[in-house]
Amino acid sequence: MSRFLSARFAGLEAYTPGEQPQDMQYVKLNTNESPYPPSPEVFARINGDEIGKLQLYPDPEGKILRQKLADLYGVMAENIFLSNGSDDILNFAFMAFCDETHGAMFPEISYGFYSVYADLYGVQAKQVPLQADFTISAADYCKNEAMVVIANPNAPTGLELPQNDIEKIIQSNPNHVVIIDEAYIDFGGTSCVDLIHKYDNLLVVQTFSKSRSMAGARLGFAIASKGIIEDLNKIKYSTNPYNINRITLAAGEAAVDSNDYYMENCKKIAATRERTTKELREIGFMVLDSVANFIFAKSDAISGADLYAGLKKKGVLVRYFGKEKIKDFVRITIGTDEQMDVLLEKTKELLAEGGKA
Ligand SMILES: *Cc1c(COP(=O)(O)O)cnc(C)c1O
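As recorded by an unreviewed UniProt entry, the chain carries the name Histidinol-phosphate aminotransferase and is attributed to Anaerotignum lactatifermentans DSM 14214. Taken directly from UniProt, the Pathway (unreviewed entry) text for the chain runs: "Amino-acid biosynthesis; L-histidine biosynthesis; L-histidine from 5-phospho-alpha-D-ribose 1-diphosphate: step 7/9." Note on the chain: under the UniProt heading Subunit (unreviewed entry), the record states "Homodimer."

In this numbering, the UniProt entry assigns the feature "domain: Aminotransferase class I/classII large" (unreviewed entry) to residues 26-345. Secondary structure content for residues 26-345 is 36% helix and 16% strand, while the C-alpha to C-alpha distance between its ends is 15 Å.

Reading across the sheet, the seven strands line up as S2-S8-S7-S6-S5-S3-S4 and stay open at both edges, with mixed pairing between neighbours. The open sheet has two edge strands, strand S2 (80-83) and strand S4 (125-128), and neither has a second partner. Taken pair by pair, the neighbouring strands of this sheet meet at an average axis angle of 20°, ignoring direction. Across four bridges, strand S3 (residues 103-107) lies against S4 in parallel orientation. Paired with phenylalanine 106 across the two strands is glutamine 127, which belongs to S4.

Turning our attention to the packing of helix H10 (residues 304-313) against helix H11 (residues 337-352). Orientation of H10 relative to H11, taken along the N-to-C sense of each, is 115°, at an axis distance of 10 Å. Where H10 crosses over H11, the two elements pack in a sense that is right-handed. Along its contact with H10, which presents Leu307, Gly310 and Leu311, the element H11 presents Leu343, Lys346, Thr347 and Leu350. Its residues assigned to classes, the contact of H10 with H11 shows four nonpolar, two polar and one charged.

Between asparagine 152 and the following residue, proline 153, the backbone shows a cis peptide bond with an omega angle of -5°. Take proline 153: it is sitting in the loop between strand S5 (146-151) and helix H6 (163-171). Cis peptide bonds are those with omega within 30 degrees of zero, and the linkage from alanine 155 to proline 156 qualifies with 5°. Its place among the elements puts proline 156 in the loop between S5 and H6. For asparagine 32, which is not a glycine, the phi torsion comes out positive at approximately 60°.

Once that is clear, we can look at the site of the ligand. In the neighbourhood of the ligand, the contacting residues comprise Gly85, Ser86, Asp87, Tyr111, Asp181, Ala183, Tyr184, Thr207, Ser209, Lys210 and Arg218. Contact distances for the ligand include 2.5 Å between an oxygen atom and a side-chain N or O atom of threonine 207. Here an oxygen atom of the ligand sits 2.8 Å away from a polar atom, N or O, in the side chain of arginine 218. Burial of the ligand by the protein chains amounts to 93% of its free accessible area of 390 Å². Among the residues making up the shell around the ligand, the classes are represented as three nonpolar, four polar and four charged.

Rules behind the numbers
- Residues numbered from 1 in each chain as written.
- Predicted model: local features only at pLDDT ≥ 70, side-chain atom pairs only at ≥ 80, totals over all residues.
- Heavy atoms only, no water.
- UniProt positions renumbered as here; feature names shortened; annotations may be inferred.
- Helix = DSSP H or I, 4+ residues; strand = E, 2+ residues; numbered from the N terminus.
- Pairing = 2+ DSSP bridges.
- Axes fitted to C-alpha atoms, helices over the stretch in contact; angles between N-to-C directions.
- Left-handed = near helix turned anticlockwise from the far one by under 90°.
- Contact = heavy atoms within 4.5 Å.
- Nonpolar A, V, L, I, M, F, W, Y, C, P; charged D, E, K, R; others polar.
- Near = heavy atom within 4 Å.
- Polar contact = N/O pair within 3.5 Å; in protein donor to acceptor, adjacent residues only side chain to side chain.
- Areas by Shrake-Rupley, 256 points an atom, 1.4 Å probe, with all protein chains shown as cover.

Below, the structure written as structure tokens:
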């Protein structure tokens with residue numbers, strides 16, 4: 001830290017992203033990226049013509065992409081907000097809808113960035129414990145005086161909160177924004193996008209990073225009532241109106257045009273997830289019922305820390321959080337069937353070696 005940093009950030013604990021080794025030496029199952037490449041349409045679109053336009057600023061409104069997303073999700077373009085990854089949108093939402101008197105509430109075990117944003121803006125954060133079975137109890141989030149943030153399916157559990165529970169939460173907090181972070185919705189969950197027609201306090205956040213194989217391009221979008229989208233735009237235009245670059249906008253348009261390709265990939269990933277879950281259970285693992293592109297698993301035969309370290313030594317990267325309530329678990333991204341074969345093989349080796357890293 002330099003002596004110049006504002007005192008208000010002195011105690012801030014920044015988010016720690018999963019490891020991103022750049023040399024491809026690992027079977028990388030630690031940050032929930034898609035194992036499948038972008039669609040052929042994206043490859044075709046990012047060509048010399050597109051690069052030739054790089055001296056010009058991109059469209060700050062992203063008009064073409066917003067209209068394509070509006071058509072895909074059955075809403076109006078005025079209901080769509082675009083940003084530089086969905087992290088950017090969550091950041092804007094905390095900035096826009098919280099302050100000293102309007103706090104935020106979210107599950108204690110969830111996406112780690114929520115508490116970082118709360119700290120960044122000096123917002124009071126109520127972190128609600130999960131039930132013993134790692135599910136979210138909707139009643140905990142009803143009639144509270146705070147912005148609610150729920151990842152559905154939740155991360156890192158992969159468990160889904162039923163639609164009627166989500167609706168109850170939205171209904172019971174009419175004076176606060178309810179954010180449903182649907183980063184993993186395409187892998188088997190039910191989206192609550194349609195509820196934006198009924199509730200003006202619902203903000204649905206999605207991303208091209210997971211199901212649309214574009215984590216490296218940084219593109220997220222939100223769907224909400226016109227008023228909420230206007231508020232987010234106010235913040236965006238007060239920080240960085242050109243926060244989505246030209247190449248990413250073009251890739252995003254081509255990705256929506258080839259939506260079927262990505263939804264097929266999601267089906268493949270869901271099938272691989274079911275098979276991997278079954279095989280891990282057969283060798284004694286407890287695996288939560290995930291509807292996402294990752295699974296959360298633990299074994300009595302090996303600690304979470306040893307499984308993470310042992311797999312890493314054998315060339316397989318998974319995510320270990322080490323937080324007290326989930327310290328026995330690792331989160332494993334669903335890759336290709338071949339990648340999961342390697343994971344299963346290396347896991348069996350570790351168990352045979354006595355479960356110590
Ligand atoms: C990955 C993830 C995000 C962020 O994705 P971006 O790459 O910033 O679009 C947001 N929320 C959850 C729950 C995630 O897992």
